[in-house]
Amino acid sequence: MKLIGIVGSNSQKSTNRELLQFMQKHFKEKAEIELVEIKDLPLFNKPAHLKVPEAVLEIAQKIEHAQGVIIATPEYDHAIPAALMNALAWLSYGIFPLLNKPVMITGASYGTLGSSRAQLQLRQILDAPELKANVMPGSEFLLGHSLQAFDEHHDLIDLGVVQKLDASFDDFRLFVTLSNKLSHAQNLLHQEVENFDWEKL
């Protein structure tokens, strides 16, 4: 199974990146997870003629060729960071790589709640008409106190947390398989998304 892991932070040292790197290593026998960085993308400015930067098109192509996407988001002021919002704005501007794409949301934070509010907001954003990702329902992986969560080898210390991540990932693999079989309406959805325009409502 080929998956893309989006590091939802522009921080040079991010525990969300560390979480995805752990998943990449821990689940290597179950899936190939390629990490994608968004920290160097230009600020979204709604350019004329739907001209999207090459760096964004490269990410979009990776997403399109993958069977599913994992997004790891930090939380700032009860919301996803500006860098992730910026990336999603680009990835919904005349291109539709996340349309009906199975998505697993994860998140790490320094505090107790593990980016729970940001994950809720991210679900809402991914359901926007221009994105329409297929987010795995009823499940979330929250890593609290993330600065203390990893050992010197960048492995998760708490076995209970690892077991929860294992269960969530196994659910996601099944979700990806089922989602990719339920694709009969995808062409119609793609047409609806392409024709959607807030300015014409």
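Above this text is the structure in question.
Reading the values: rules and limits
Residues numbered from 1 in each chain as written. Predicted model: local features only at pLDDT ≥ 70, side-chain atom pairs only at ≥ 80, totals over all residues. Heavy atoms only, no water. Core = buried A, V, L, I, M, F, W, Y, C linked by side-chain atoms within 4.5 Å. Buried < 20%, exposed > 50% of the residue type's maximum accessible area, 1.4 Å probe, protein only. Helix = DSSP H or I, 4+ residues; strand = E, 2+ residues; numbered from the N terminus. Contact = heavy atoms within 4.5 Å. Salt bridge = Lys/Arg side-chain N within 4 Å of Asp/Glu carboxyl O. Polar contact = N/O pair within 3.5 Å; in protein donor to acceptor, adjacent residues only side chain to side chain.

Participant: I'd like to hear about the nonpolar core, residue by residue, with values.
Facilitator: Core analysis: the biggest nonpolar cluster contains 32 residues, and Leu 98, Val 103 and Leu 126 have the highest contact counts within it. Among the elements of the structure, strand 1 (2-7), helix 2 (54-65), strand 3 (68-72), helix 3 (82-90), strand 4 (102-108) and helix 4 (116-126) are those that each provide at least two residues to this core. The leading source of residues in this core is helix 3, at five residues. Each residue touching Leu 126, except ones within four places of it in the same chain, is listed here: Ile 71, Leu 88, Leu 98, Val 103, Ile 105, Leu 131, Lys 132, Ala 133 and Val 135. Counting 25 residues, the second largest nonpolar core, distinct from the first, contains Met 23, Ile 33, Ala 149 and Phe 175.

Participant: Describe the pattern of salt bridges, with residues and values.
Facilitator: Scanning the entire structure with this criterion turns up ten salt bridges. With its nearest N and O atoms 3.5 Å apart, the salt bridge here joins Arg 173 to Asp 170. On the criterion of helical spacing, the pair formed by Arg 173 and Asp 170 is a turn pair, its members being three residues apart in helix 5 (residues 159-181). For Arg 173, a relative accessible area of 27% puts it in the partly exposed group. Residue class for Asp 170 comes out partly exposed when judged on its relative accessible area of 32%.

Participant: So what's going on with the side chain of Gln 119? Residues and values would help.
Facilitator: With respect to the helices, strands and loops of the structure, Gln 119 is situated in helix 4. A distance of 3.0 Å separates the side chain of Gln 119 from the backbone oxygen of Phe 141, its partner in a polar contact.

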